[in-house]
Amino acid sequence: MDSSGIDSKSDSDSAYAESQDDSSYTTSLASSITAYKYEHGRRYHAYQEGRYILPNDEQEQERLDIQYHALRLAFGDKPFLAPVDKPTNVLDIIGTDLSPIQPLWVPPNVKFEVDDFEQVWTFPPDHFDLIHTRILGGSVQDWKLLFEQSFTHCKPGGYLECQELDVCAFSDDKSLSDDSAIRKWCANQEEAAQKMGRSLRASGESFKKQMEAAGFENVQVREFKLPIGPWPKDAKLKEVGLFQLAAMLEGIDGLTLALWTRFLGYSEEEITVFLAKVKAEFRRSSVHSYWPLYSIYGQKPQSADKKEA
């Protein structure tokens with residue numbers, strides 16, 4: 001009994017503690033994860049609130065499906081380009097996300113975990129044949145830490161592959177002018193991302209240097225152009241461009257709202273007016289815009305010392 005006259009180890013407290021099984025804690029955690037935040041009519045994640053700036057609602061999931069299809073087509077219908085032969089442990093087959101929004105029907109070797117990859121990883125060291133990331137720009141505050149943790153948890157001989165898109169639209173024929181609404185949108189996106197300690201820009205050579213600094217060797221940079229719209233003459237690229245255009249038109253509101261209202265002081269009405277101009281330019285067949293796209297992969301040396309879990 002403490003000085004207040006309350007027995008801190010009473011039978012009732014003990015009985016209560018013993019009555020709590022793992023499921024109750026799981027239920028509590030699940031409730032906190034799914035207590036989504038709503039802003040400007042869009043739904044955002046609750047776990048580690050604010051670390052990820054995009055919505056997690058059905059409209060955004062549809063955009064991601066379209067976006068990833070465009071990427072897969074651009075990569076020749078290959079989910080990864082690293083020369084991995086029959087991987088058994090892949091960090092992407094075990095998928096991590098801040099939101100529990102993944103499909104229920106998945107292959108039997110696929111599972112999802114709610115986790116923050118910028119926290120200390122709980123996976124075993126020297127475990128994965130392949131660690132695969134895709135379009136993490138704007139989500140990563142410390143790339144150095146990500147590469148170092150990836151190196152620790154890759155098997156000797158395993159690979160890290162990062163597929164990244166540079167959110168700065170270009171055109172090779174100057175059909176996209178520097179004062180276009182599209183270029184202004186890109187600049188505003190990066191300005192807002194910088195204010196939250198992140199970046200939407202990507203450089204293959206910069207990734208290569210950072211991966212090598214973490215210990216990876218044989219680092220390769222593959223460069224692609226992801227067209228926005230069906231303007232390419234090549235039939236395959238025309239299809240890629242159609243899907244990428246659909247992804248932008250479907251999702252640009254969600255890509256913009258939180259960043260511009262929270263960090264640039266725009267009102268929702270101002271954003272709507274501005275995005276109408278951006279969408280019109282994306283639809284214009286005379287504008288031959290594209291995103292620079294990279295696949296950067298490197299191998300953990302076979303001779304790397306194995307670490308104990």
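What counts and what doesn't
Residues numbered from 1 in each chain as written. Predicted model: local features only at pLDDT ≥ 70, side-chain atom pairs only at ≥ 80, totals over all residues. Heavy atoms only, no water. pLDDT = per-residue confidence, 0-100. Contact = heavy atoms within 4.5 Å. Phe/Tyr/Trp six-rings, centres within 6.5 Å; stacked < 30°, edge-to-face > 60°. Helix = DSSP H or I, 4+ residues; strand = E, 2+ residues; numbered from the N terminus. Buried < 20%, exposed > 50% of the residue type's maximum accessible area, 1.4 Å probe, protein only. Lys NZ or Arg CZ within 6 Å of the ring centre and 35° of its normal. Pairing = 2+ DSSP bridges. Axes fitted to C-alpha atoms, helices over the stretch in contact; angles between N-to-C directions. Salt bridge = Lys/Arg side-chain N within 4 Å of Asp/Glu carboxyl O.

Attention now goes to the confidence of the model for the protein chain. Averaged over all residues, the pLDDT of the protein chain is 84; the fraction at 70 or higher stands at 77%. Scored below 50 in pLDDT, residues 1-29 makes 5 contacts in the model with residues more than four places away or belonging to other chains. In the predicted structure, residues 95-102 sits below a pLDDT of 50 and forms 32 contacts with residues beyond four places in sequence or in another chain.

Turning next to the packing of aromatic side chains. Evaluated as defined, the whole model comprises 13 aromatic pairs. Measuring from centroid to centroid gives 5.9 Å for Phe147 and Phe207, while their planes differ by 75°, and the two rings are edge-to-face. You can see Phe147 sitting in helix H4 (residues 143-153) and its partner Phe207 sitting in helix H6 (residues 204-214), a full 60 residues away along the chain. The exposure class assigned to Phe207 is buried, which follows from its relative accessible area of 5%. Clustering of aromatic rings is evident, with ring pairs tying together Trp121, Phe123 and Phe128. The residue whose ring lies beneath Arg183 is Phe170, and the NZ or CZ to ring-centre distance is 5.4 Å.

This next bit is on the sheet that holds strand E9 (residues 290-299). Across a sheet, strands are paired by hydrogen bonds formed along the backbone, either parallel or antiparallel in direction. Ordered in space as E3-E6-E7-E9-E8, the 5 strands form an open sheet in which the pairing is mixed. Whereas interior strands pair on both sides, the edge strands pair on one side only; in this sheet they are strand E3 (90-91) and strand E8 (217-227). Inspection of the sheet shows strand E7 (residues 154-165) paired to E9 by 7 bridges, in the antiparallel sense. Within E9, the residue paired with Glu164 across the bridge is Tyr294. The strands touched by H6 are E7, E8 and E9; relative to E9, the strand with the most contacts, the crossing angle is about 20°. Lying over the sheet, helix H7 (residues 235-264) contacts E8 and E9, oriented at roughly 80° with respect to E8.

Tracing the chain through its elements places Asp129 in strand E6 (residues 128-134). You can call Asp129 buried: its relative accessible area is 16%. Measuring from C-alpha to C-alpha, the distance between Asp129 and Asn89 comes to 5.5 Å, with 40 residues separating the pair along the chain.

Further remarks concern the pattern of salt bridges. Inspection of the entire model under this criterion finds 13 salt bridges. As a salt-bridge pair, Asp57 and Arg42 come within 2.7 Å of each other at their nearest N and O atoms. One end of the pair, Asp57, is in the loop between strand E2 (42-44) and helix H3 (58-74); the other, Arg42, is in strand E2, and 15 residues separate them in sequence. With a relative accessible area of 8%, Asp57 lands in the buried category. Put simply, Arg63 and Glu60 hold a salt bridge, and the shortest N to O gap is 2.7 Å. Linking Arg63 with Glu60, this pair stays in helix H3, spanning 3 residues, or about one helical turn.

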